[in-house]
Amino acid sequence: MVPRVWSLMRFLIKGSVAGGAVYLVYDQELLGPSDKSQAVLQKAEEVVPPAMYQFSQYVCEQTGLKIPQLPAPPKFNFHIRDTWNSGIIMVMSALSVAPSKAREYSKEGWEYLKERTK
Amino acid sequence: MSDSELGRKWDRCMADAVVKIGTGFGLGLVFSLTFFKRRMWPLAFGSGMGLGMAYSNCQHDFQAPYLLHGKYVKEPEQ
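Residues numbered from 1 in each chain as written. Chains lettered and ligands numbered in written order. Predicted model: local features only at pLDDT ≥ 70, side-chain atom pairs only at ≥ 80, totals over all residues. Heavy atoms only, no water.

As recorded by an unreviewed UniProt entry, chain B carries the name MICOS complex subunit MIC10 and is attributed to Ursus maritimus. Regarding chain B, the relevant UniProt record gives this comment under Subunit (unreviewed entry): "Component of the mitochondrial contact site and cristae organizing system (MICOS) complex." Recorded under Subcellular location (unreviewed entry), the UniProt text for chain B is reproduced unchanged: "Mitochondrion inner membrane". (UniProt positions renumbered as here; feature names shortened; annotations may be inferred.)

Per an unreviewed UniProt entry, chain A carries the name MICOS complex subunit MIC13 and comes from Ursus maritimus.

This is the structure in structure tokens:
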């Protein structure tokens, strides 16, 4: 009798957790149109870092530990277009100065070797 | 389609892909832990579903350039 009730309880707990997750996804429209997904990402970017900071402050107060200053959280709503364009510009400018830089470094290396062998 | 509009569409596609793959992975994780005895296939299935939905959304977005996209604006507190 008791094992049957326990297994039923376990099934109900698991079912409610899974059902809650599905409802959360449906309520926040995470699998909906792309506009809503972008809005959710922006909202998460606004809400998550202050929440994490407040949680760390609460943990510090409760435990008396001093957590060192964490680095700024990464921005996960970056613009692909800007980073791609700046990456292309950086690569092309590096390629354009590569021959002159190579000549300069080889000249410096040659001067250094000449001085060492004197 | 202008360059800036194309860039905005790509940004929207990437954001959508991140959210959908993450959601699919999360749901797969929940179901894997609750009903499927910590197997890997629900995670792969969920991530794949999310990726497919994001790809489909992007495809519709790029192939239908005349649809207007709204922006969610916060209302000022009164």
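1. Here we look at the overall build of chain A
Looking only at helices and strands, chain A features 3 helices and 0 strands. Each helix and strand of chain A, ordered N terminal to C terminal, gives the series α-α-α. Put simply, chain A has 118 residues, and 9% of those count as buried. Split by element, the accessible area of chain A, about 10300 Å² in all, is 67% carbon and sulfur. (Helix = DSSP H or I, 4+ residues; strand = E, 2+ residues; numbered from the N terminus. Buried < 20%, exposed > 50% of the residue type's maximum accessible area, 1.4 Å probe, protein only. Areas by Shrake-Rupley, 256 points an atom, 1.4 Å probe, with all protein chains shown as cover.)

2. Some remarks on the interface of chain A and chain B
Counting residues at the interface gives 23 residues for chain A, matched by 22 residues for chain B. Surface buried jointly by chain A and chain B totals about 2100 Å² across both partners, of which 69% is contributed by carbon and sulfur atoms. Inspection of the chain A/chain B interface yields 1 salt bridge. Of the charged contacts in the structure, one is a salt bridge between R12 of chain B and D35 of chain A, with a shortest N-O distance of 3.9 Å. Inspection of the region where chain A meets chain B yields 5 residue pairs in polar contact (both at pLDDT 80 or more). Secondary-structure elements contributing two or more residues to the side of chain A that touches chain B are α1 (2–28), α2 (34–63) and α3 (80–117) of chain A. When the residues that make up the side of chain A that touches chain B are grouped by side-chain class, the tally is 12 nonpolar, 6 polar and 5 charged. (Contact = heavy atoms within 4.5 Å. Buried area = accessible area lost by both parts, 1.4 Å probe. Salt bridge = Lys/Arg side-chain N within 4 Å of Asp/Glu carboxyl O. Polar contact = N/O pair within 3.5 Å; in protein donor to acceptor, adjacent residues only side chain to side chain. Nonpolar A, V, L, I, M, F, W, Y, C, P; charged D, E, K, R; others polar.)

3. Examining the packing of aromatic side chains
What the rule picks out here adds up to 5 aromatic pairs over all chains. Centre to centre, the rings of W10 of chain B and F62 of chain B are 5.1 Å apart; their planes meet at 55°, and the pair counts as tilted. Of this pair, W10 of chain B sits in helix α1 (residues 3–34) while F62 of chain B sits in helix α2 (residues 41–63), and the two are 52 residues apart along the sequence. On the accessibility criterion, F62 of chain B (25% relative accessible area) is partly exposed. Here a set of aromatic residues connected by ring pairs shows up, and it is made of F11 of chain A together with F31 and F35 of chain B. (Phe/Tyr/Trp six-rings, centres within 6.5 Å; stacked < 30°, edge-to-face > 60°.)

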